[in-house]
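Working through the structure, step by step
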Amino acid sequence: MADWDELPLTYRLMMRAYPWRRVSPTPWAPLRRPVTEARIAIVSSAGLYRAGIDRSFGTREGEDVTVRWLPRDVATMRLTMGQTSDAFNRAAVESDQELALPLTRLAELVTLGEVGSVAPHHVSFNGSMLSTGRFLRDSAPEVAQGLSVDQVDAALFVPV
Amino acid sequence: MLSVPFRFGHPLGEAHDAEGQRRVLRALLQLLTAAGPGPVLRVYRPE
């Protein structure tokens with residue numbers, strides 16, 4: 001997550017007034033096997049998608065709560081960023097999509113024997129959403145089901 | 001909740017810095033095994 005001091009003033013003011021959702025009890029599932037044996041998936045809120053293959057994310061900020069499933073062998077450098085927030089500098093992620101969906105880096109850790117395997121599918125959504133309740137209701141179950149079908153042991157969330 | 005802070009817009013560090021990005025990933029993976037039992041809030045700042 002980003003540090004508070006980095007946020008523009010308008011966003012800090014908005015976040016102070018935002019009706020944050022309180023989740024209790026906090027969901028928790030301990031890792032059931034060593035990382036060296038675990039299957040890892042990436043969940044990114046950069047809204048990355050394959051132009052010409054996947055549906056793009058909606059342009060009305062806060063409205064699109066859908067997810068895109070990206071295969072393990074996707075060429076990350078060809079992905080388009082559909083994140084609609086203007087709160088951060090997009091140049092870094094647009095220059096190197098591995099910053100937001102580090103599939104190549106993760107595969108390298110598998111090769112080095114530090115991670116068990118890379119999951120066959122990974123999750124991308126537009127993190128700039130106000131309708132978090134809709135996301136939890138409409139999309140989170142799809143994500144949980146898909147990761148479960150793929151027998152994923154842990155998902156790393158890369159927030160953008 | 002387990003988290004690694006980052007510079008806004010640079011969730012895994014610098015663009016095209018493969019070693020730096022692997023270092024952040026390792027930090028995240030260490031948190032997976034270091035935390036528990038039960039939910040905790042832990043912040044890890046990779047070197």
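Since this is a predicted model, take the numbers as computed values, not measurements.

Right, let's get into the overall build of chain B. What chain B contains, in helices and strands, is one helix and two strands. Ordered by position in the sequence, the α and β elements of chain B form the string β-α-β. The burial tally for chain B puts 26% of its 47 residues in the buried class.

Broken down by element type, chain A carries four helices and seven strands. Secondary structure elements in chain A, listed N-terminal to C-terminal, are α-β-β-β-β-α-α-β-β-α-β. Taken against the 2.2 N^0.38 rule, which gives 15 Å for 160 residues, the C-alpha radius of gyration of chain A at 16 Å falls within 12% of a compact globule. In terms of overall dimensions, chain A has a C-alpha envelope of 45 × 40 × 30 Å along the principal axes. Taken across its 160 residues, chain A has 32% of its residues classed as buried. For chain A, the share of sequence-separated contacts (at least 6 apart) that also reach a separation of at least 24 residues comes to 80%.

Tallying the contact residues gives 23 residues for chain B and 30 residues for chain A. Across the side of chain B that touches chain A, the residue classes tally to 13 nonpolar, eight polar and two charged.

The next thing to look at is unusual backbone geometry. Phi at Q151 of chain A is positive, roughly 55°, even though this residue is not glycine. Structurally, Q151 of chain A is set in the loop between α4 (132-149) and β7 (154-158). You will see that H16 of chain B, though not glycine, has its phi angle at about 65°, which is positive. Relative to the elements of secondary structure, H16 of chain B occurs in the loop between β1 (2-3) and α1 (18-34).

What follows covers the packing of helix α3 (residues 103-111) of chain A against α1 of chain B. At a minimum axis distance of 10 Å, the contact between α3 of chain A and α1 of chain B shows a crossing angle of 75°. By the angle class used here, α3 of chain A and α1 of chain B are roughly perpendicular. In this structure, α3 of chain A uses R105, L106, E108 and L109 of chain A to contact α1 of chain B, whose residues at the interface are A18, Q21, R22 and L25 of chain B. Class assignment for the residues of the contact of α3 of chain A with α1 of chain B results in four nonpolar, one polar and three charged.

Take α3 of chain A next. Those residues of α3 of chain A lying buried are L103, R105, L106 and L109 of chain A. On an axial view of α3 of chain A, the arc spanned by its buried residues comes to 160°, and they lie on one face. Close packing links the buried residues of α3 of chain A with β1 (39-44), β5 (117-118) and β6 (121-125) of chain A together with α1 of chain B. Among the residues trailing α3 of chain A, G113 of chain A stands out with phi positive, at a value near 80°.

Conventions adopted
- Residues numbered from 1 in each chain as written.
- Chains lettered and ligands numbered in written order.
- Predicted model: local features only at pLDDT ≥ 70, side-chain atom pairs only at ≥ 80, totals over all residues.
- Helix = DSSP H or I, 4+ residues; strand = E, 2+ residues; numbered from the N terminus.
- Buried ≥ 20, exposed ≤ 12 C-beta atoms within 10 Å, placed from the backbone.
- Rg over C-alpha atoms; globule rule 2.2 N^0.38 Å.
- Contact = placed C-beta atoms within 7 Å.
- Nonpolar A, V, L, I, M, F, W, Y, C, P; charged D, E, K, R; others polar.
- Axes fitted to C-alpha atoms, helices over the stretch in contact; angles between N-to-C directions.
- Parallel < 35°, antiparallel > 145°, perpendicular 65-115°, else oblique.
- Arc of directions from axis to C-beta.

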